[in-house]
Amino acid sequence: MRTGIPVAGALALALTLGILALAGFADPALAALTTVGVAVPPDLMDIGGVLAMSAMGARIERKDDSGTDVKKVVTEVMTAFEEFKSANDARLKELEKKGASDPLITDKLDKLEKSMAKGDDLNQELTTLKGKQQNLETLLKDLETAFARTPRGAGGEGKEDPAATAYKEAFLSVMRSTGQFVDPEAVKALKAAEKDMEAKGLVSGDLTQGGYYLAPAQMATELVKDLVEFSPMRSLASVTSISVKSLILPKRTGTFAARRVGETEPRTETTGYTTGQVEIMAPEMYAEVHISQQMVEDSAFNIEAEMGLEFAEQFAVKEGAEFISGSGAGNEAQGFLNGSGVIETISGDASLITADGLIDLMHAPKSVYMRSGTFVLNRLSLGAARKLKASDGHYLWQPGIAEGRPNTILGAPYVEMPDMPTIAAGAYPVAFGDFRRGYRIADRIGISVLRDPYTLAGTGFIKYLARKRVGGQAVLGQAIAKMKIAAS
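Residues numbered from 1 in each chain as written. Predicted model: local features only at pLDDT ≥ 70, side-chain atom pairs only at ≥ 80, totals over all residues. Heavy atoms only, no water.

**Student:** I'd like to hear about the overall build of the protein, residue by residue, with values.
**Tutor:** The number of helices and strands found in the protein is 16 helices and 13 strands. For the protein, the proportion of its 488 residues judged to be buried stands at 43%. Residue pairs at least 24 apart in sequence account for 75% of intrachain contacts in the protein once pairs closer than 6 positions are excluded. (Helix = DSSP H or I, 4+ residues; strand = E, 2+ residues; numbered from the N terminus. Buried < 20%, exposed > 50% of the residue type's maximum accessible area, 1.4 Å probe, protein only. Contact = heavy atoms within 4.5 Å.)

Below is the structure:
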């Protein structure tokens, strides 16, 4: 079994590759990662992607990874929106006059809605970019702290291990590489230094020198990449990696009131200030799949890679649903819709979302949270919100991707979350708030995959067991508001 490099080195290498990607050297950066074969901890693998994404606003005319012409999509969205407004205005007039809309107009709106939806994926990336950058800033602080430490090594307490010193020098040599390609000699030296570190870890068994990972580095990379794509809540909330069974956060539960006093009057204690704590557990989720040995051997495509994608997707589906509406009981994470202290507003209609309802929702949290707020809703609710107009006749939904900015509702960005409830009486289809302050995700163990060809060998099957430990909870309810479909 191979060991990983120290966390500091892993962070630094991932950061370097991200910077190379941002500078336009994405292919050489990825090639360097493959060449070195560094076992970067799974939760840190998305750093490079974050940095590369930060250039999106300046590259609006490029094609995305699937070959889609981004500029063409933006143009279609803007054109469709202008037609959409005209058609929706006509629908509202028909409703006002006849009490029903023309089916032809409704059909046209549906077609225009599909055209506008072509830009939703791009908008999702733009909207979640800020959250990913903030997570990156946290990781950078951890990196600075890690590099500032002097680890225990072969020379004794406070003296760095010679292997660690060699690794750092090799890593810095890679960083200094200039031009379009990373210096292959520097990469070779880094690879050799890493092998030396691995040997040290295997002999000593000292976990401070590196981690042990069940999944190969490439598989872990893909798993985490897919997990981030499928779970947008991770880009909005605060995410903390922990090394113990739970995350404990201090919390103010009461406060005092200031008083006036005369020049010589006695002062007494201003009581009322109390504190408590919030504990977020990180229970396990798992998936087990049995695939026949012959299917693995004879499949026309890489079935193990497909299973990696499937594990990432299903873990993300599970945690994504829990982060929204999980009960918090048993081994479930607590969703923000069930969070203590989360503000509740009403839509103003027994079965629909309304413009006034969204305005009330947006202004429910305090100003400090509203300024950093984001709407979350599913695609059906987004379609309904696109048709709403304020009292001055302006549409609440406005496109922004033409300028490299997110689309907005009432001037605030939004993120589509398929697990948000659908519009119905008594449901909570829309929420708004500063989720980074209001919700915390605790990652204990990233996705790990065990390939077991022995247990079921007698039946011709290979067992794949994937597991992950993660929890989540609303930690500051007043930063988030949810809207209930109700008239009063």
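**Student:** Go over the packing of aromatic side chains with me, naming the residues and quoting the values.
**Tutor:** A full pass over the atoms with the stated rule returns four aromatic pairs. Aromatic side chains F375 and F432 sit 4.6 Å apart centroid to centroid with 50 degrees between the ring planes, which places their arrangement in the tilted category. Pair noted here: F375 is in strand β6 (residues 374-377) and F432 is in strand β10 (residues 430-433), with a separation of 57 residues, a long-range link. Both residues of the pair, F375 and F432, belong to the buried class. Directly above the aromatic system of W397 lies the positively charged group of R386, at a separation of 4.7 Å from the ring centroid. Across the ring face of Y428, the terminal group of K482 is positioned such that the distance to the ring centre comes to 4.6 Å. (Phe/Tyr/Trp six-rings, centres within 6.5 Å; stacked < 30°, edge-to-face > 60°. Lys NZ or Arg CZ within 6 Å of the ring centre and 35° of its normal.)

**Student:** Could you give an account of the sheet that holds β10, naming the residues involved and the relevant values?
**Tutor:** The strands making up a sheet are joined through hydrogen bonds of the backbone, oriented either antiparallel or parallel. Taken in spatial order, the seven strands make up an open sheet running β5-β13-β10-β6-β9-β8-β7, and their pairing is mixed. The outermost strands of the open sheet, each flanked by one partner alone, are β5 (343-346) and β7 (397-398). The sheet strands contacting helix α15 (residues 379-386) are β6, β7, β8 (408-409) and β9 (412-416), and the helix crosses β9 at an angle near 145 degrees. (Pairing = 2+ DSSP bridges. Axes fitted to C-alpha atoms, helices over the stretch in contact; angles between N-to-C directions.)

**Student:** An account of the nonpolar core is needed here, citing residue identities and associated values.
**Tutor:** Buried together is how nonpolar side chains tend to be arranged in soluble globular proteins. The biggest cluster of nonpolar side chains holds 35 residues, and the ones touching the most others in it are M233, F336, V376, M417, F435 and Y439. If you list the elements that add at least two residues to this core, you get α10 (233-236), β4 (284-292), α12 (303-325), β11 (439-452) and β12 (461-474). If one sorts the elements of this core by residue count, α12 sits on top with six residues. If sequence neighbours within four positions are ignored, F336 has contacts with M233, F323, I324, V342, V376, M420, A431, F435, Y439, A474 and I480. Grouped together as the second largest cluster of nonpolar side chains are 29 residues, L112, L361, Y414 and F432 included. (Core = buried A, V, L, I, M, F, W, Y, C linked by side-chain atoms within 4.5 Å.)

**Student:** How would you summarise the environment of V430 if you had to cite specific residues and measurements?
**Tutor:** Locating V430 in the fold gives a position in strand β10. The sequence separation of V430 and L377 amounts to 53 residues, and the corresponding C-alpha distance is 5.0 Å. When residues no more than four places from it in sequence are discounted, the contact partners of V430 are I353, L358, L361, F375, V376, L377, M420, K482 and M483.

**Student:** I'd like a description of the sheet that holds β4, backed by residues and values.
**Tutor:** With mixed pairing, the four strands of this open sheet are ordered in space as β1-β11-β12-β4. The open sheet has two edge strands, β1 (238-241) and β4, and neither has a second partner. This sheet shows a mean twist of 25 degrees between the axes of neighbouring strands, independent of strand direction. Contacts from α12 reach β4, β11 and β12 within the one sheet, and its direction differs from that of β12 by about 25 degrees.

**Student:** Mind laying out α12, listing which residues take part and the relevant values?
**Tutor:** Relative to the 33 Å expected for 23 residues at 1.5 Å per residue, α12 spans 33 Å between its end C-alpha atoms, a close match to the ideal helical length. By the burial criterion, the buried members of α12 are I303, M307, G308, F311, A312, F315, A316, E319, G320, E322, F323 and I324. You can read the cap of α12 off the contacts: a side-chain oxygen lies 3.2 Å from the backbone nitrogen of E304, and it is on N302. (Expected span 1.5 Å × (residues − 1). Polar contact = N/O pair within 3.5 Å; in protein donor to acceptor, adjacent residues only side chain to side chain.)

**Student:** Now, about the pattern of salt bridges: what can you tell me, with residues and values included?
**Tutor:** Evaluated as defined, the whole model comprises nine salt bridges. With a shortest N-O distance of 2.9 Å, K389 and D89 are connected by a salt bridge. On the criterion of sequence distance, the pair formed by K389 in the loop between α15 and β7 and D89 in helix α4 (residues 70-98) is long-range, its members being 300 residues apart. The exposure class of D89 is partly exposed, given its relative accessible area of 26%. (Salt bridge = Lys/Arg side-chain N within 4 Å of Asp/Glu carboxyl O.)

**Student:** Can you lay out the confidence of the model for the protein for me, pointing to particular residues and giving the numbers?
**Tutor:** Per-residue confidence for the protein gives a mean pLDDT of 75, with 65% of residues at or over 70. pLDDT under 50 marks residues 1-11. Its contacts with residues more than four places away, or in other chains, come to 40 contacts. Note that residues 19-62 has pLDDT below 50 and, in this model, 103 contacts with residues that lie over four places away or in other chains. (pLDDT = per-residue confidence, 0-100.)

**Student:** Any chance you could break down the side chain of E322 for me, citing the residues and the numbers?
**Tutor:** Within the secondary structure, E322 sits in helix α12. Overall, the relative accessible area of 9% leaves E322 in the buried class. Apart from residues no more than four positions distant in its own chain, E322 is found in contact with E332, A333, Q334, G335 and Y439.

**Student:** Summarise the environment of R234; cite the residues concerned and give the values.
**Tutor:** Looking at the secondary structure, you find R234 in helix α10. Only 2.6 Å separates the side chain of R234 from the side chain of E319, close enough to count as a polar contact.

**Student:** I'd like a rundown of the pairing of β6, residues and numbers included.
**Tutor:** Judged by which residues are buried, β6 turns out to be covered on both faces: T374 and V376 on one side and F375 and L377 on the other are all buried. In terms of strand pairing, β6 meets β10 through three bridges, oriented antiparallel. Directly across from T374, in β10, lies its bridge partner G433. Where β6 meets β9, three bridges bridge the pair, whose relative direction is parallel. Among the inter-strand pairings, L377 is bridged to a residue of β9, identified as E416.

**Student:** Could you give me a rundown of unusual backbone geometry, with the residues and numbers involved?
**Tutor:** Note: most residues except glycine have negative phi, and most peptide bonds are trans. One non-glycine residue, L410, lies in positive phi territory at about 55 degrees. Checked against the element boundaries, L410 lands in the loop between β8 and β9.

**Student:** Just give me the short version of helix α13 (residues 355-362), but keep the residues and values in it.
**Tutor:** Along α13, the positions that sit buried rather than exposed are A355, G357, L358, L361 and M362. Relative to the axis of α13, the buried residues are bounded by an arc of 160 degrees and lie together on one face. (Arc of directions from axis to C-beta.)

**Student:** Explain the pairing of β11 to me, and be specific about the residues and the numbers.
**Tutor:** Each regular strand carries side chains that alternate between the two faces of the sheet. Across four bridges, the pairing between β1 and β11 is parallel. Each residue of the ladder has a partner; that of S238, found in β11, is R440. In the sheet, β11 pairs with β12 via eleven bridges, with the strands oriented antiparallel. Within the sheet, the bridge partner assigned to I445 lies in β12 and is R469.

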